[in-house]
Amino acid sequence: MTAASPGRRAARSALRLSAGATALVAAAFAWGWWVQPSVIVVPLRAAMQWRMGIASRSVDAGGHRWPYIESGPADGPPMVFLHGFGTSKDAMGMLVAEFGRRGWRALAPDLPAFGEHAYHDGERHDGAFYAREAGTFMDAVGAPEAVVVGTSMGGAVACELAIEHPERVRALLMLSPAGVVPPVRNDFMREVDAGGNPLDLATEEDFDRITRTVFARPPQVPAPFRRWFTEEARVRRPRTLEVVEAIKPFLMGGLQGRMGAVAAPTLVLYGTADRVTDPSMLSVFAGEMHAARTALLAGSGHVPFSDDFPGTVREMSGFLEWCGLARQGRATPAAPHHADGAAPR
């Protein structure tokens, strides 16, 4: 029998190594898909942010670590995005990327007790707390004054910030905000009235139910992301339930009768198919904030920037132009990197 040549032996070794590497990747993928979804979700999320021009950062502020995402030029005017209840900075990623490209320094933090941000022990996590802490974050990242955008709970917190600390808010944009008593009490509100928590997330079935509630056009969520998000929520659930009890009075009407104090130009936007913050709430905001600009997006649910991203951006951009804050041109996004605990730029 003729011995194999050195070249053939090298080729066979390379094939074996390649097959072994492929098997290892497949095993890691299977492990991530069925057992440990973070194996898939975390690197995919990082890759998606990189492609969108989003930097993942963190900063120490008030003795706490604040994870946040950022896009846009370092010297651009700051725009701060505040996410809703039960979500995180990642929910604001598309808007952060979009307005970063438009020349804003767009930033979105994880609010305390959500995402990667720990619960602040010894603090009552109510509306005043979140507004105060948002200001602490703004100072830490060198943006003591900014255009502030908030969605749902974040919208109510942004309004509280504009009421109590008007010097911080150049303009206020609220997307599906909570914080007032709705003239029409929908099924979601009636469940809350009865003592329920329609946003309680403990199982994957809860994830599906909540997704159907908040989106008019629910996105397709891959199984690992769905499982990972549910597991993360389950770990945080005891603290989340504490936040619910602390912030519920504020979200159910804590802004009512106080919004006339907002001096910043304001946009209030709802979707006509919102099954959480009923669109009838728009009239309450308009009734107290007489100079506010209002918008209804036809067919959009509680997350208008998911159900109708172009429409949401159009309304936001039109508002910024209307109040003389529009940015011209498109900027090069910030190069993504992670500076854990480092001073922000």
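Please refer to the structure higher up on the page.
A. A look at the packing of helix α5 (residues 153-164) against helix α8 (residues 223-251). Running from amino to carboxyl end, α5 crosses α8 at an angle of 65 degrees, the nearest separation of the two axes being 11 Å. Here α5 lies roughly perpendicular to α8, going by the angle between them. Handedness of the α5/α8 crossing: left-handed. Here M153, A156, V157 and E160 of α5 come into contact with α8, specifically with I247, F250 and L251.

B. Main features of helix α9 (residues 281-288). Every buried residue of α9 is accounted for by M281, L282, V284 and F285. Buried residues along α9 cover an arc of 160 degrees about the axis, so they all sit on one side. Tucked inside the fold, the buried residues of α9 contact β6 (169-175), α6 (187-193), β7 (266-271) and β8 (293-297).

C. The environment of V244, seen in detail. The topology assignment puts V244 in helix α8. Owing to a relative accessible area of 15%, V244 belongs among the buried residues under this scheme. Spatially, the C-alpha atoms of V244 and D200 are 9.5 Å apart, while their sequence positions differ by 44 residues. Setting aside its immediate chain neighbours within four residues, V244 contacts F85 and N197.

D. Local environment of the pattern of salt bridges. Scanning all chains against the criterion turns up 20 salt bridges. With its nearest N and O atoms 3.4 Å apart, the salt bridge here joins E123 to R132. The exposure class of E123 is partly exposed, given its relative accessible area of 33%. Of the residues examined, R132 reaches a relative accessible area of 39% and is grouped as partly exposed. The closest approach of N and O atoms between R239 and E242, which form a salt bridge, is 3.2 Å. You can see R239 and its partner E242 sitting in helix α8, three residues apart, about one turn around the helix.

Definitions and cut-offs
Residues numbered from 1 in each chain as written. Predicted model: local features only at pLDDT ≥ 70, side-chain atom pairs only at ≥ 80, totals over all residues. Heavy atoms only, no water. Axes fitted to C-alpha atoms, helices over the stretch in contact; angles between N-to-C directions. Helix = DSSP H or I, 4+ residues; strand = E, 2+ residues; numbered from the N terminus. Parallel < 35°, antiparallel > 145°, perpendicular 65-115°, else oblique. Left-handed = near helix turned anticlockwise from the far one by under 90°. Contact = heavy atoms within 4.5 Å. Buried < 20%, exposed > 50% of the residue type's maximum accessible area, 1.4 Å probe, protein only. Arc of directions from axis to C-beta. Salt bridge = Lys/Arg side-chain N within 4 Å of Asp/Glu carboxyl O.

All we've got here are geometric facts, nothing functional implied.
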